[in-house]
Amino acid sequence: MSNQHQILLNSIATTIADYRQGEIPVIDPNHVEKWVRQFDKFGFDENSQKVILEQMDRILKNYYISRQVAQEFVTAVLTFQAIFGSNPAKTIKNAQFLRVQTKGNSQNDLLSLTEQSLQNLYGLNFDDCGKSPVIYIYLDDCLYSGNRVRRDIDSWLSNAVEGTTLHLIFLGIHTDGYDYSKKLIKQKAQAKNIIVEFWRLHEFHNNRWKPSRFDCFWTSEISEDESVDRFVQQVNEDRQNTNKSLPSLFRPNNVPIEDNIFSSPTDRKVIESAFLKAGAYIVSLPKNPNSSMRPLGYDYLKSLGFGAILVTYRNIANNCPLALWWGDPNKAYPLNAWYPLFPRIVNEHYSNP
């Protein structure tokens, strides 16, 4: 093992050290090494594994949401004049913090951090706020397809006071789901004269129809891999049975034009190919895989997968590539056939957030 290889293992382990801290064994360089060595079976040698580690190190340093980052974000939100005006300490008493998420615990966890900051900044609890709401605050970790926030707001909107403002605040949003959910939410809110504003820490461009910038995993075409070929054949058959116009299955050549996620087009191709091959292998393991289970992450669309890159200290979304999170060495086959970098808490039922 080269010195650079060890440095990368150490760096990744340090960056994600608080991932599910106290729930899973401590993440150390050996954990990262055990994960990356699995790519041997798909033809990715030590040099290619170094590229995989380099790209993951880059992504995680830029976008991994530690508990500290999340806490700093919600603290910044509570002092943000664009939401609370020039005197947040006064205005915030008229803000109601929504607890309306019907699935998962991401909102509850963020609200716990928010109440800590609320107490530290203003000496207030949630019970002290929002009795006569002028502002509503909806917090969540990330907007992917936009379905979760759309459903949550649909269910809650009848309880909202007319003429108020709803602020939807995320650690990350994906532009395709954002455009979709924003349009529908604003249409329904308009009927009650409610202003809707979206805020985010990170924005990921993922419109495959306009991919001049594309901030998710999306593999260019590869061949000579049995599991990939089998999966692609099935997806193409599914695509032929739909009347909808669909974007390219594989990432077109020279796309994206602007790339802020990966070091170079060559390095991007290495890690995306590795994740596609490993993901296609993983999809082949269950006898009856979920119809949304795709190599680059769960996705309702007939694609290679959603390809999300955002990971938080509390969990990883199933919209991220399967190679990052699928599997459990403590369970029976097929779950023990892959060792995950980010062991995932699985929600009771799947939904595309």
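Structural data are supplied above this passage.
Computed from a prediction, not measured in an experiment: that's the story for all the values here.

Participant: Even after reading the chapter, I still don't get the overall build of the protein, so can you show me in this structure?
Facilitator: Looking only at helices and strands, one finds 12 helices and 6 strands in the protein. The C-alpha radius of gyration of the protein comes to 21 Å, within 12% of the 20 Å expected for a compact globule of 353 residues. Over its C-alpha atoms, taken along the principal directions, the protein stretches across nearly 60 × 50 × 40 Å. For the protein, with 353 residues in total, the buried portion stands at 55%. Taking contacts inside the protein between residues at least 6 apart in sequence as the whole, the part at least 24 apart equals 74%. Carbon and sulfur atoms form 45% of the exposed surface of the protein, whose accessible area is close to 16200 Å². With 38 positive and 38 negative side-chain charges, the protein shows a spacing of 5 Å between the two charge centroids.

Participant: I'm lost on the environment of Gln38 in this one. Help?
Facilitator: Inspection of the secondary structure puts Gln38 in the loop between helix H2 (29–36) and helix H3 (46–63). For the pair Gln38 and Ala323, spaced 285 residues apart in the sequence, the C-alpha separation amounts to 9.7 Å. Apart from residues lying up to four places away in sequence, Gln38 is in contact with Trp338 and Tyr339. In this structure the side chain of Gln38 is engaged in a polar contact, spanning 3.0 Å, whose partner is the backbone oxygen of Trp35.

Participant: Hey, could you run me through the pairing of strand S3 (residues 165–174) in this one?
Facilitator: Consecutive side chains of a regular strand alternate in pointing toward one face of the sheet and then the other. Across the 10 residues that make up S3, a large majority, 10, are buried. Bridge count between strand S2 (residues 135–143) and S3: 8 bridges; the pairing is parallel. Bridge assignment links Leu139 to a residue of S3, and that residue is Ile169. Here S3 runs beside strand S4 (residues 195–204); their pairing, made up of 9 bridges, is parallel. When the sheet's bridge partners are listed, Gly172 is paired in S4 with His202. As for the winding sense of the linkage, the β-α-β connection from S3 through helix H9 (residues 175–190) to S4 is right-handed.

Participant: Sorry, what's going on with the sheet that holds S3 here?
Facilitator: Across the sheet, 4 strands lie side by side as S1-S2-S3-S4; this open sheet has parallel pairing. Among the strands making up the open sheet, the edge pair consists of strand S1 (95–97) and S4. Direction aside, neighbouring strands of the sheet carry axes that sit 20 degrees apart on average. Taken together, the 3 bridges between S1 and S2 define a ladder with parallel strand orientation.

Participant: Even after reading the chapter, I still don't get the nonpolar core, so can you show me in this structure?
Facilitator: One broad trend across soluble globular proteins is that nonpolar side chains are buried collectively. By size, the foremost hydrophobic cluster in this structure holds 89 residues, and its most contacted members are Trp35, Phe39, Phe97, Phe275 and Phe342. With 8 residues, the top contributor of residues to this core is helix H11 (residues 265–283). If we skip the residues at most four places from it in the chain, Phe39 touches Phe44, Gln49, Ile52, Ala274, Phe275, Ala278, Ala323 and Trp338. If you look at the next biggest cluster of nonpolar residues, it comprises 20 residues, including Leu143, Leu166, Ile173 and Ala189.

Participant: Which parts of the structure should I look at to understand the packing of helix H1 (residues 3–15) against H3?
Facilitator: Axes are the key here: two packed helices are described by the angle between their axes and the distance separating the axes. Axis separation between H1 and H3 bottoms out at 9 Å; the angle between their running directions is 30 degrees. Relative to H3, the element H1 is oriented roughly parallel. Here H1 and H3 pass one another in a crossing that is left-handed. For the pair H1 and H3, the contacting residues are Gln4, His5, Leu8, Leu9, Ser11, Ile12 and Thr15 in the first and Glu46, Lys50, Leu53, Glu54, Met56, Asp57, Leu60 and Lys61 in the second. Among the residues making up the contact of H1 with H3, the classes are represented as 6 nonpolar, 4 polar and 5 charged.

Participant: Looking at this model, I keep getting lost on the packing of aromatic side chains. Mind explaining?
Facilitator: As enumerated under the stated definition, the model contains 19 aromatic pairs in all. Taking the centre distance of 6.2 Å and the plane angle of 65 degrees together, the rings of Trp35 and Phe275 count as edge-to-face. Linking Trp35 in helix H2 with Phe275 in helix H11, this pair joins segments that are 240 residues apart in sequence. An aromatic cluster is defined as three or more aromatic residues linked by ring pairs; in this entry it consists of Trp35, Phe39, Phe42, Phe217, Phe262, Phe275, Tyr281 and Trp338. Over the aromatic face of Trp325 sits the side chain of Arg344, whose NZ or CZ is 5.4 Å from the ring centroid.

Participant: I'm lost on the packing of helix H10 (residues 226–240) against H11 in this one. Help?
Facilitator: One can describe the packing of H10 onto H11 by two numbers: an axis separation of 8 Å at closest approach and a directional angle of 70 degrees. Of the possible angle classes, the one that applies to H10 and H11 is roughly perpendicular. Counting all contacts with H10, which are made through Ser227, Val228 and Phe231, the residues of H11 involved are Leu276, Lys277, Ala280, Tyr281 and Val283. Here the contact of H10 with H11 is built from residues that sort into 6 nonpolar, 1 polar and 1 charged.

Participant: Would you mind showing me how to read H10 here?
Facilitator: Its 15 residues give H10 an end-to-end C-alpha distance of 21 Å, which sits within 8% of 21 Å, the value for a rise of 1.5 Å per residue. Within H10 the residues assigned to the buried category are Ser227, Val228, Phe231, Val232, Val235 and Arg239. Looking straight down H10, one finds that the buried residues subtend no more than 125 degrees of arc, so they occupy a single side. Along H10, exposed side chains directed more than 90 degrees from the buried face belong to Glu226 and Gln240. At its buried positions, H10 is contacted by H11. Between a side-chain oxygen at the N-terminus of H10 and the backbone nitrogen of Ser227 the separation is 3.3 Å; the capping residue is Asp225.

The rules we used
- Residues numbered from 1 in each chain as written.
- Predicted model: local features only at pLDDT ≥ 70, side-chain atom pairs only at ≥ 80, totals over all residues.
- Heavy atoms only, no water.
- Helix = DSSP H or I, 4+ residues; strand = E, 2+ residues; numbered from the N terminus.
- Rg over C-alpha atoms; globule rule 2.2 N^0.38 Å.
- Buried < 20%, exposed > 50% of the residue type's maximum accessible area, 1.4 Å probe, protein only.
- Contact = heavy atoms within 4.5 Å.
- Areas by Shrake-Rupley, 256 points an atom, 1.4 Å probe, with all protein chains shown as cover.
- Lys, Arg positive; Asp, Glu negative; His and termini not counted.
- Charge placed at Lys NZ, Arg CZ, Asp CG, Glu CD.
- Polar contact = N/O pair within 3.5 Å; in protein donor to acceptor, adjacent residues only side chain to side chain.
- Pairing = 2+ DSSP bridges.
- Right-handed = clockwise from strand over helix to strand, strands pointing away.
- Axes fitted to C-alpha atoms, helices over the stretch in contact; angles between N-to-C directions.
- Core = buried A, V, L, I, M, F, W, Y, C linked by side-chain atoms within 4.5 Å.
- Parallel < 35°, antiparallel > 145°, perpendicular 65-115°, else oblique.
- Left-handed = near helix turned anticlockwise from the far one by under 90°.
- Nonpolar A, V, L, I, M, F, W, Y, C, P; charged D, E, K, R; others polar.
- Phe/Tyr/Trp six-rings, centres within 6.5 Å; stacked < 30°, edge-to-face > 60°.
- Lys NZ or Arg CZ within 6 Å of the ring centre and 35° of its normal.
- Expected span 1.5 Å × (residues − 1).
- Arc of directions from axis to C-beta.

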